[in-house]
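Residues per chain, in single letters:
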Amino acid sequence: MLTGCKDKLFQGLFASRLPGFSTAQEGSHKHGGKQCNSWKKVVTLLKIHPMSTVHVIDHPMIQHKLTIMRKKETGSKDFRELLKEISLLMGYEITRDLPLDDIEIETPICRMTAKKVSGRKLAIVPILRAGIGMVDGLQTLVPVAKVGHIGLYRDEKTHTPVVYYCKLPEDINKRLVIVTDPMLATGGSSCDALAMLKERGCNNIRLMCLVAAPEGIARVQKEHPDVDIFVAAIDERLNKDAYIVPGLGDAGDRIFGTK
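The structure displayed is predicted, hence computed values, not measured ones. (Residues numbered from 1 in each chain as written. Predicted model: local features only at pLDDT ≥ 70, side-chain atom pairs only at ≥ 80, totals over all residues. Heavy atoms only, no water.)

Engineer: Please clarify how the overall build of the protein chain should be interpreted in this entry.
Structural biologist: When its secondary structure is counted, the protein chain shows seven helices and 17 strands. Burial status across the protein chain gives 47% buried among its 259 residues. (Helix = DSSP H or I, 4+ residues; strand = E, 2+ residues; numbered from the N terminus. Buried < 20%, exposed > 50% of the residue type's maximum accessible area, 1.4 Å probe, protein only.)

Here you go:
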C-alpha cells in the first residue's frame, strides 16, 4: 500500500498530502507546466502485486531542498550537502516506529520516567557509489549504526546491475537494515542488493531513496513485497536510457563531480 491516502488506496492517492496532485481516478498532475500521468502509472503497476508500503515523505523542507538538487546548475558541494540534509530529515520518518523503553532519570528538578530507544540494532547499507551520499545524514541521527557496503554498477548497454563489492557487519541478520540509494530507477540494483541481504538472513529491511520511478517501485514491490520503500518524490517515468524523468541526472556523478 501507499501512505498518505485520504480515503481508500486507489481513490485518494496522496491527494491529502501532496499539493497539485489529483485523485488516482483522474491519475495526473502538472509537472513543469505539462500534464503527467505518473500517479496513474504507479497505481496500475502496483495493483498487480501484493504490496508493502511506499512512504512519500513530503515535508516542505525536503521538497524545497530537492528542488535545488534537481537544478542542473547546482554544483557538487551543494548537492552533497543537500543530500545529507534530506537524508537526515527522512531518517526521522524511517525510524519513527523504533521501540522505546521506560527508564528512570533525574532532572535538575526531580526524578521522572523517560523514554529511550530500546537498544534495537541498526545498520545502514548504501548501494555504491551514490548511496554513500545518504549515509552521513542517517549517521548524524543514529551515530551508533553500523555501516555495510554493496557495490553495484549499471551496465550502460543492458541497464542491468553488476556486483563488484560486498562488505557487511557480521551480525547484519540481527539488525534493522536501511538500504540507501538516491535513485530508484529500474529497481534492478535495489532488488539485487535486497536479495543479497536476505541471503545473509536479513528479514527486517527498509529501502530509502530520494527519487523513484513508478517502474522501479513496481519491481521492488513485486520481488520484495516485505520491504517498505521511503522516498522524497515519485517522478513521471523512465526514458529510453533508463534515467528517471524529470529526475536530477546521475546522482553519483553529481555527488562526486564526475561524468
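Engineer: Is there a simple way to think about the packing of helix H2 (residues 60-70) against helix H3 (residues 76-94) in this case?
Structural biologist: For the pair H2 and H3, the least separation of the axes is 10 Å and the interaxial angle reads 155°. In this view, H2 runs roughly antiparallel relative to H3, as classed from their interaxial angle. For the pair H2 and H3, the crossing hand works out as left-handed. Taken together, the residues of H3 that come into contact with H2 (itself represented by Met61, Ile62, Lys65, Leu66, Ile68 and Met69) are Phe79, Leu82, Leu83, Glu85, Ile86, Leu89 and Met90. (Axes fitted to C-alpha atoms, helices over the stretch in contact; angles between N-to-C directions. Parallel < 35°, antiparallel > 145°, perpendicular 65-115°, else oblique. Left-handed = near helix turned anticlockwise from the far one by under 90°. Contact = heavy atoms within 4.5 Å.)

Engineer: Would you explain H3 in this entry?
Structural biologist: In an α-helix there are 3.6 residues to a turn, and that puts residues three or four apart on one side. Given a rise of 1.5 Å per residue, 19 residues ought to cover 27 Å, and the 26 Å separating the end C-alpha atoms of H3 matches this to within 8%. Within H3 the residues assigned to the buried category are Phe79, Leu82, Leu83, Ile86, Ser87, Met90, Gly91 and Ile94. (Expected span 1.5 Å × (residues − 1).)

Engineer: Help me out: how do you make sense of the pattern of salt bridges in this one?
Structural biologist: Once the charged atoms of two side chains with opposite charge are near each other, the side chains can pair. Using the criterion set out here, one finds 14 salt bridges in the structure. The partner of Asp102 in a salt bridge is Lys115, with the nearest N and O atoms 2.7 Å apart. Of this pair, Asp102 sits in strand E4 (residues 100-106) while Lys115 sits in strand E5 (residues 111-117); the two residues are 13 residues apart in sequence, bridging distant segments of the chain. Taking relative accessible area as the criterion, Lys115 reaches 58% and is therefore assigned exposed. One salt bridge in this structure joins Asp226 and Lys198, with 2.7 Å as the shortest N-O distance. Of this pair, Asp226 sits in the loop between helix H6 (214-223) and strand E14 (228-231) while Lys198 is found in helix H5 (residues 188-199), placing the two residues 28 residues apart along the sequence. (Salt bridge = Lys/Arg side-chain N within 4 Å of Asp/Glu carboxyl O.)

Engineer: Help me out: how do you make sense of the environment of Glu236 in this one?
Structural biologist: Looking at where Glu236 falls in the secondary structure, it is placed in the loop between strand E15 (233-234) and strand E16 (237-238). On a C-alpha basis, the gap between Glu236 and Glu215 in space is 9.6 Å, while along the polypeptide they are 21 residues apart.

Engineer: What exactly am I supposed to notice about the sheet that holds strand E11 (residues 183-184) here?
Structural biologist: Whenever strands of a sheet pair, they do so through backbone hydrogen bonds, lying parallel or antiparallel. Taken in spatial order, the three strands make up an open sheet running E11-E13-E15, and their pairing is parallel. Among the strands making up the open sheet, the edge pair consists of E11 and E15. Inspection of the sheet shows E11 paired to strand E13 (residues 211-212) by two bridges, in the parallel sense. Across the sheet, Met183 pairs through a bridge with Val211, a residue of E13. (Pairing = 2+ DSSP bridges.)

Engineer: When you look at H2 in this model, what are you seeing that I'm missing?
Structural biologist: Taken together, the buried positions of H2 are Ile62, Lys65, Leu66 and Met69. Looking straight down H2, one finds its buried side chains confined to an arc of 105°; they lie on one side. Looking at the buried positions of H2, the neighbouring elements they touch are H3, E13, E15 and helix H7 (251-256). (Arc of directions from axis to C-beta.)

Engineer: Before we go on, may I ask you to explain the packing of H5 against H6 in this structure?
Structural biologist: When two helices pack together, their arrangement is given by the angle between the helix axes and the distance between those axes. Between H5 and H6, whose axes approach to 9 Å, the crossing angle comes to 25°. It follows from the interaxial angle that H5 and H6 lie roughly parallel. As H5 runs across H6, the sense of the crossing is right-handed. Only Arg219, Val220 and Glu223 of H6 make contact with H5, whose side of the interface consists of Gly188, Ser190, Cys191 and Leu194. Its residues placed into classes, the contact of H5 with H6 shows three nonpolar, two polar and two charged. (Nonpolar A, V, L, I, M, F, W, Y, C, P; charged D, E, K, R; others polar.)

Engineer: Looking at this model, I keep getting lost on the environment of Lys198. Mind explaining?
Structural biologist: Judged by its relative accessible area of 27%, Lys198 is partly exposed. Taking the C-alpha atoms as reference, Lys198 lies 9.9 Å from His224; in sequence the two are 26 residues apart. Among residues more than four places away in sequence, those in contact with Lys198 are Ile205, His224, Asp226 and Val227.

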